[in-house]
Every structure is written in structure tokens, then in C-alpha cells.
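One letter stands for each residue in the lines below.
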Amino acid sequence: MRYLFLIIGLFALGCGNDKRNAPAPFKPPAERAVAQENTVTDLPVPDSVPYRVLILPISNGYDFATVGYDFVPALSHALTKQKGISVLPFPYKRLMGTAYQGVYDKKYCAAILEKVETDFIVMSRYILPSSPDGNAYSNQWGYEIKILETTTMRQRNSIGKTQLKDHSVIEKDISENIDQLMEDMIRLK
């Protein structure tokens with residue numbers, strides 16, 4: 001009988017709440033009313049607590065990624081250089097079992113937001129025009145980026161361009177228009 005109580009006691013200790021592996025409780029960011037310096041607009045950006053941004057994989061980019069076309073690293077690099085932004089490393093392990101591939105609308109983000117705390121989700125996709133016979137033009141590229149503000153669940157199409165001559169022009173266009181993306185993010189807040 002003593003061994004039974006000992007086994008039950010050890011089992012109960014093993015099944016108890018392990019606070020070391022529990023996710024940290026959500027803490028709302030500090031008031032974000034500090035104006036960004038050296039910008040055209042006077043929009044509020046965070047100073048001490050940066051906006052957390054999660055960049056999802058390109059929604060229709062799997063086939064392109066297999067041959068080396070992926071503009072997410074360029075987007076991540078451009079956003080990382082912005083003041084008041086913290087680009088989260090993509091949480092592959094945390095999002096296991098969650099559909100994050102092919103996401104380009106807020107209605108598919110609820111499962112992601114259950115597992116990741118972020119202020120913004122940045123979604124992107126390629127835009128490839130088709131010829132009248134249904135074949136994609138091989139010499140034209142395009143992209144579009146959409147932003148989701150996670151507390152209000154408002155989303156907005158931000159930057160994008162079509163009829164670009166090659167993939168490298170997409171990355172150049174993103175870096176040239178990163179200020180517009182930042183402005184759209186802050187306006188959603």
C-alpha cells in the first residue's frame with residue numbers, strides 16, 4: 001500500500017504544472033506614442049518596446065522557393081533596419097501542426113495567433129500575369145504585401161508592383177518602398 005501511494009505521489013508530481021516550459025503570459029506593449037525621427041511623416045512608432053512583426057512565407061511561393069526565388073529574406077532584412085521594429089525569427093517548431101503555408105488573408109491567421117504573440121503579421125504573394133492562352137509570361141514578375149494588425153484584426157494591402165523584369169527587381173522595389181510599408185503598419189495601429 002505504501003508503494004501505491006509513493007507511485008501515485010510521484011506520478012502527480014510528474015504531471016504537475018511545469019512553469020519552466022510554459023509560454024510567458026501576454027503583456028501588452030508599452031504605450032507607443034513616441035514619434036519616429038528622420039521620417040517624412042509624424043506617425044507614432046515605439047521607442048522602448050518595438051513592434052513585433054511575424055513575416056509569413058510567401059503564400060504562393062513554394063514552387064519558386066524550390067528554385068531559389070524567395071523575397072522574404074530581403075523583406076525581413078529591410079524591416080530589421082527600421083527603428084521600432086523587431087522581426088521575429090520564424091517559429092517553425094511552435095507552428096507545427098498549424099497551417100501557415102499559403103496564408104494571404106486574416107481569416108487564416110487565427111490559428112497562428114493562438115501560438116505566436118505578435119503585433120503585425122506580414123503576408124506576401126507573387127503576382128504573375130498570364131498570357132491569353134493561360135501560360136505565364138516568363139519575363140514578368142510581380143509581388144504584393146499585405147499587413148495584418150493583430151489586436152484589431154484589420155488588414156491592409158501595402159506595397160506591390162507588377163510587370164517587373166526579373167526577381168531581383170522585386171527585392172530592390174521592396175527596399176525602396178519599405179518606408180511606405182512602415183507607414184501602412186503604423187496607420188493600422
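Above this text sits the structure in question.
Residues numbered from 1 in each chain as written. Predicted model: local features only at pLDDT ≥ 70, side-chain atom pairs only at ≥ 80, totals over all residues. Heavy atoms only, no water.

## A closer look at the packing of aromatic side chains
- Scanning all chains against the criterion turns up 10 aromatic pairs.
- Between Tyr 51 and Phe 120, the aromatic rings sit 5.4 Å apart at their centres with planes inclined by 90°, giving edge-to-face as the arrangement. Taken together, the positions of Tyr 51 in strand E3 (residues 51-55) and Phe 120 in strand E5 (residues 120-126) put the pair 69 residues apart, joining distant regions of the chain. A single burial state applies to Tyr 51 and to Phe 120, both of which are buried. (Phe/Tyr/Trp six-rings, centres within 6.5 Å; stacked < 30°, edge-to-face > 60°. Helix = DSSP H or I, 4+ residues; strand = E, 2+ residues; numbered from the N terminus. Buried < 20%, exposed > 50% of the residue type's maximum accessible area, 1.4 Å probe, protein only.)

## Remarks on the packing of helix H3 (residues 72-80) against helix H6 (residues 178-188)
- The N-to-C vectors of H3 and H6 enclose an angle of 70°; their axes lie 10 Å apart at closest approach. Here H3 lies roughly perpendicular to H6, going by the angle between them. Residues Leu 75, Ala 78 and Leu 79 of H3 pack against Ile 178, Leu 181, Met 182 and Met 185 of H6.
- For the contact of H3 with H6, the per-class residue count stands at seven nonpolar, no polar and no charged. (Axes fitted to C-alpha atoms, helices over the stretch in contact; angles between N-to-C directions. Parallel < 35°, antiparallel > 145°, perpendicular 65-115°, else oblique. Contact = heavy atoms within 4.5 Å. Nonpolar A, V, L, I, M, F, W, Y, C, P; charged D, E, K, R; others polar.)

## Describing the sheet that holds E5
- Pairing is mixed across the open sheet formed by five strands, whose spatial order is E4-E3-E5-E6-E7. Since the sheet does not close on itself, it has two edges, and those belong to strand E4 (85-87) and strand E7 (154-164), each with one partner. Neighbour-to-neighbour, the strand axes of the sheet open up by a mean angle of 25°, direction not taken into account.
- Both E5 and strand E6 (residues 141-149) contribute to a ladder of seven bridges, which runs antiparallel. Pairing of Phe 120 across the sheet is with Glu 149, part of E6. (Pairing = 2+ DSSP bridges.)

## Digging into the pattern of salt bridges
- In the structure shown here, the tally under the stated rule is nine salt bridges.
- Put simply, Asp 184 and Arg 156 hold a salt bridge, and the shortest N to O gap is 3.7 Å. Taken together, the residues Asp 184 in helix H6 and Arg 156 in strand E7 connect sequence positions 28 residues apart.
- On the accessibility criterion, Arg 156 (34% relative accessible area) is partly exposed.
- Lys 172 is the salt-bridge partner of Glu 176, the closest N and O atoms lying 3.8 Å from each other. Of this pair, Glu 176 and Lys 172 both sit in helix H5 (residues 167-176), separated by four residues, roughly a single helical turn. As far as the burial class goes, Glu 176 and Lys 172 line up, both exposed.
- Among the charged side chains, a network of salt bridges with common partners joins Arg 52, Glu 117 and Asp 119. (Salt bridge = Lys/Arg side-chain N within 4 Å of Asp/Glu carboxyl O.)

## Quick notes on H6
- Counting buried positions over the 11 residues of H6 gives eight, a clear majority of the element.
- The set of residues buried in H6 consists of Ile 178, Leu 181, Met 182, Glu 183, Asp 184, Met 185, Ile 186 and Leu 188.

## Some remarks on the environment of Tyr 126
- By the secondary structure assignment, Tyr 126 is in strand E5.
- Residue class for Tyr 126 comes out buried when judged on its relative accessible area of 3%.
- With 35 residues separating them along the chain, Tyr 126 and Lys 161 place their C-alpha atoms 9.6 Å apart.

## Looking at the environment of Val 116
- Along the chain, Val 116 turns up in the loop between helix H4 (110-115) and E5.
- A relative accessible area of 5% means that Val 116 is categorised as buried.
- When the C-alpha positions of Val 116 and Leu 88 are compared, they lie 9.7 Å apart, and in sequence the two are 28 residues distant.
- Non-local contacts of Val 116, meaning those with residues more than four positions away in its chain, are made with Leu 54, Leu 88, Pro 91, Arg 94 and Leu 95.

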